[in-house]
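Spelled out, the chains give:
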Amino acid sequence: MKLKNYETVFVLTPVLTSEQTEGTITKFRNFLLEKEAELVHEEAIGLKKLAYPIQHKNTGIYHLIEFKAKPEVIATLEIAYKRDENIIRFLTFALDKDGTEYNEQKRNGTLQLKKHIEFEPKKEETA
Amino acid sequence: MTLINESIGKRHTKKKYCRFKKLGIKYIDYKNLDFLLRFLNEQGKILPRRISGNSLKYQKKVAQAVKRARHLALLPYVTDNLK
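No experiment lies behind these values; they were computed from the predicted model shown.

### Section: the overall build of chain B
Argument step 1. Secondary structure summary: chain B contains four helices and zero strands in total.
Argument step 2. Sequence-ordered secondary structure for chain B, helices as α and strands as β, is α-α-α-α.
Argument step 3. Relative to its 83 residues, chain B shows a buried fraction of 23%.
Argument step 4. Of all intrachain contacts in chain B linking residues separated by at least 6 positions in sequence, the fraction that spans at least 24 positions is 71%.

As structure tokens, this is what we get:
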């Protein structure tokens, strides 16, 4: 079976100790490895302010994993996320070829983000 | 005094174009918040195509990216003073 590219991000509660945080992250990393997934990239985004409160929390610890896996793995991964009380939010989605390329370039530092930033913002118009 | 209708306050406007097609941007990252903010109004709503000028293909991708960012609490669903 062909492996597909996925990206998953989860948000942990900020009340955990650093060992608990590390433990949860390792748990999901091992979970993916057990399911014969290939980890492509991992990024600890860290503590961030949430745009709106989730479960009465205003901050969260973000962690991102990019991996290749069989499509069946995703459902079990999401169930595992739901069962874990430390996780307050998660997102998993399939990366298309442009997304994979973008992430790869971002990692290598060859991404031309300037293009995005240099572009003049449009004049404000009220919708 | 002429009675010919003159267009009032209607200056020659630049033609809109899709910035993604023009710049060759293929993937819109939901984590790049500064970029996404260009497609939102102050209330955090997605700007319509008639204002942003995006082609349908990329407007859909913008919407997808914004929704992902909202789900992960990177962007608010509702607000009054974004930006």
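From this point, things continue past the structure.
### Some remarks on the pairing of strand β3 (residues 57-69) of chain A
All names here are of chain A.
Argument step 1. Note that strand β1 (residues 4-12) and β3 share nine bridges and pair antiparallel. Across the sheet, the residue bridging to V9 is L64, located in β3.
Argument step 2. When strand β2 (residues 38-54) meets β3, the two strands line up antiparallel, connected through 11 bridges. Residue K49 lies in a different strand from β3, and its bridge partner there is T59.
Argument step 3. The loop that links β2 with its antiparallel partner β3 comprises two residues; one of these, Q55, has a positive phi angle of about 50°.

### Focus on the sheet that holds strand β4 (residues 87-94) of chain A
All names here are of chain A.
Argument step 1. Spatially, four strands are ordered β2-β3-β1-β4 in an open sheet, and the strand pairing comes out antiparallel. The open sheet has two free edges, formed respectively by β2 and β4, since each of these has just one partner strand. Looking at each pair of strands side by side, their axes are set apart by 20° on average, direction ignored.

### Quick word on the confidence of the model for chain A
Argument step 1. Put simply, chain A has an average pLDDT of 84, and 85% of its residues get 70 or more.
Argument step 2. Taken as a whole, residues 118-127 of chain A scores under 50 in pLDDT and shows nine contacts with residues more than four places along the chain or in a different chain.

### Let's talk about the environment of B:G24
All names here are of chain B.
Argument step 1. For G24, the location among the structural elements is in the loop between α1 (19-23) and α2 (33-36).
Argument step 2. Accessibility expressed as a C-beta count within 10 Å gives 9 for G24, which makes it exposed.
Argument step 3. In the structure, G24 is positioned 36 residues away from K60 in sequence and 16 Å away in space, judged by C-alpha atoms.

### A look at the environment of B:P48
Residues and elements named next belong to chain B.
Argument step 1. Counting through the fold element by element, P48 comes out in the loop between α2 and α3 (49-52).
Argument step 2. According to the C-beta neighbour criterion, P48 is exposed, with 12 such atoms within 10 Å.
Argument step 3. Spatially, the C-alpha atom of P48 lies 8.5 Å from that of Q59, the residues being 11 residues apart in sequence.

### Some remarks on the interface of chain B and chain A
Argument step 1. Contact residues are listed per partner, giving 22 residues for chain B and 18 residues for chain A.
Argument step 2. If you list the elements that add at least two residues to the side of chain B that touches chain A, you get α1 and α4 (56-71) of chain B.

### A word on the pairing of β1(A)
Residues and elements named next belong to chain A.
Argument step 1. Summarising burial for β1: seven of the nine residues are buried, a large majority.
Argument step 2. Both β1 and β4 contribute to a ladder of seven bridges, which runs antiparallel. Bridge assignment links L12 to a residue of β4, and that residue is I87.

### Structural notes on the nonpolar core
Argument step 1. Membership of the largest hydrophobic core comes to 22 residues, with the highest contact counts inside it found for A:V11, B:L36, B:V62, B:A65, B:V66, B:A69 and B:L72.
Argument step 2. Residue assignment for this core shows that the elements contributing at least two residues are β1 and β3 of chain A together with α4 of chain B.
Argument step 3. Here this core gets five residues from one element, more than from any other, and that element is α4(B).
Argument step 4. Ignoring any residue separated from it by four or fewer positions in sequence, one finds B:V66 in contact with B:L36, B:F39, B:L40, B:I46 and B:L75.
Argument step 5. Core analysis: the second largest hydrophobic core is formed by eight residues, A:Y6, A:A37, A:V73 and A:L77 among them.

### Some remarks on the environment of A:R89
Argument step 1. Structurally, A:R89 is set in strand β4.
Argument step 2. Spatially, the C-alpha atoms of A:R89 and A:P14 are 12 Å apart, while their sequence positions differ by 75 residues.
Argument step 3. Ignoring anything within four residues of it in the chain, the contact list for A:R89 reads A:F10, A:V11, A:I54, A:G60, B:L72 and B:A73.

Calculation notes
- Residues numbered from 1 in each chain as written.
- Chains lettered and ligands numbered in written order.
- Predicted model: local features only at pLDDT ≥ 70, side-chain atom pairs only at ≥ 80, totals over all residues.
- Helix = DSSP H or I, 4+ residues; strand = E, 2+ residues; numbered from the N terminus.
- Buried ≥ 20, exposed ≤ 12 C-beta atoms within 10 Å, placed from the backbone.
- Contact = placed C-beta atoms within 7 Å.
- Pairing = 2+ DSSP bridges.
- Axes fitted to C-alpha atoms, helices over the stretch in contact; angles between N-to-C directions.
- pLDDT = per-residue confidence, 0-100.
- Core = buried A, V, L, I, M, F, W, Y, C linked by C-beta atoms within 7 Å.

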